[in-house]
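Descriptive analysis of the structure
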Amino acid sequence: MEHYMRLFKTPFNMIQSGYKTVEVRLNDDKRRTLKPNDTIHFTVLPEEDQSVTVTVEKLETYPTFKDMYTNISAKALGNDRGESIAEMVRNTYDIYRHEQEEKWGTVAIYIKLAADS
């Protein structure tokens, strides 16, 4: 199955380069349709003029972003600035609200670049 998602430039570039191998999302209805071996087409924001295609390797759900960040390596998450878990959580709350996290939980999407990317 194919999915379409958007990313800001920094995480997009990290995925495109193969550095970031785990994408972080709320485990909302859209993400609950993801399965291993599905394809995701990420488009860069705000321009939406570039895309990269990845394959879903596996999915792991967590009740909170803090739980997720505690259990996944910083490198896999694209944390190349040495941010603490608390800083990573604060930065994530710039995108998602705490209420959304409580409602949906979170999902770590393990990805690899598709052969044609």
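Below is a short write-up of the structure. (Residues numbered from 1 in each chain as written. Predicted model: local features only at pLDDT ≥ 70, side-chain atom pairs only at ≥ 80, totals over all residues. Heavy atoms only, no water.)

What follows is about the side chain of lysine 20. Note on placement: lysine 20 falls in the loop between helix H1 (9-16) and strand S2 (22-26). Given a relative accessible area of 9%, lysine 20 falls into the buried group. Only 2.7 Å separates the side chain of lysine 20 from the side chain of glutamate 23, close enough to count as a polar contact. (Helix = DSSP H or I, 4+ residues; strand = E, 2+ residues; numbered from the N terminus. Buried < 20%, exposed > 50% of the residue type's maximum accessible area, 1.4 Å probe, protein only. Polar contact = N/O pair within 3.5 Å; in protein donor to acceptor, adjacent residues only side chain to side chain.)

A few words now on the side chain of arginine 25. Looking at where arginine 25 falls in the secondary structure, it is placed in strand S2. In this structure the side chain of arginine 25 is engaged in a polar contact, spanning 2.9 Å, whose partner is the backbone oxygen of arginine 6. Looking at arginine 25, its side chain comes within polar contact range of the side chain of glutamate 23, at 2.9 Å.

With that settled, consider the pairing of strand S4 (residues 51-62). By the bridge criterion, 5 bridges tie strand S3 (residues 39-45) to S4 in an arrangement that is antiparallel. Bridging from a neighbouring strand, threonine 43 pairs with serine 51 of S4. Hairpin connection from S3 to S4: 5 residues lie between these consecutive antiparallel strands, with glutamate 48 at a positive phi of about 60°. Two strands pair when backbone bridges link them, and S4 and strand S5 (residues 106-113) are joined in this way by 8 bridges, in the antiparallel orientation. (Pairing = 2+ DSSP bridges.)

Bringing the nonpolar core into the picture now. Residues Val22, Met68, Tyr69, Ile72, Leu77 and Ala108 are the most contacted members of the largest nonpolar core, which totals 15 residues. Among the secondary structure elements, those contributing two or more residues to this core are S2, helix H2 (65-71), helix H3 (85-92) and S5. Judged by nonpolar contacts, the second largest core, of 14 residues, contains Met5, Phe12, Val44 and Ile111. (Core = buried A, V, L, I, M, F, W, Y, C linked by side-chain atoms within 4.5 Å.)

Moving on, we come to the environment of methionine 1. Note on placement: methionine 1 falls in the segment before strand S1 (2-8). Taking relative accessible area as the criterion, methionine 1 reaches 65% and is therefore assigned exposed. Along the chain, methionine 1 and isoleucine 40 lie 39 residues apart, while their C-alpha atoms are 8.6 Å from each other. Not counting the four nearest positions on each side in its chain, methionine 1 is found in contact with Thr33, Asp38 and Thr39. (Contact = heavy atoms within 4.5 Å.)

Before going further, it helps to spend a moment on the packing of aromatic side chains. With the rule as written, the count across this model stands at 2 aromatic pairs. A ring pair is formed by phenylalanine 65 and tyrosine 96, whose centres lie 5.8 Å apart and whose planes are at 10°; its orientation type is stacked. One end of the pair, phenylalanine 65, is in helix H2; the other, tyrosine 96, is in the loop between H3 and helix H4 (98-104), with 31 residues separating them in the sequence. Neither residue differs from the other here; phenylalanine 65 and tyrosine 96 are each classed as buried. Taken together, the aromatic side chains of Phe65, Tyr69 and Tyr96 make up a single cluster linked through ring pairs. Positioned above the aromatic ring of tyrosine 110 is the side chain of lysine 58, whose terminal nitrogen or guanidinium carbon lies 4.6 Å from the ring centre. (Phe/Tyr/Trp six-rings, centres within 6.5 Å; stacked < 30°, edge-to-face > 60°. Lys NZ or Arg CZ within 6 Å of the ring centre and 35° of its normal.)

A cis amide bond links leucine 45 to the next residue, proline 46, at an omega of 0°. Its place among the elements puts proline 46 in the loop between S3 and S4. Positive phi, close to 80°, is recorded for asparagine 37, a residue that is not glycine. Residue position: asparagine 37 is located in the loop between S2 and S3. Positioned with a positive phi, glutamate 48 is a non-glycine residue whose angle comes to about 60°. With respect to the helices, strands and loops of the structure, glutamate 48 is situated in the loop between S3 and S4.

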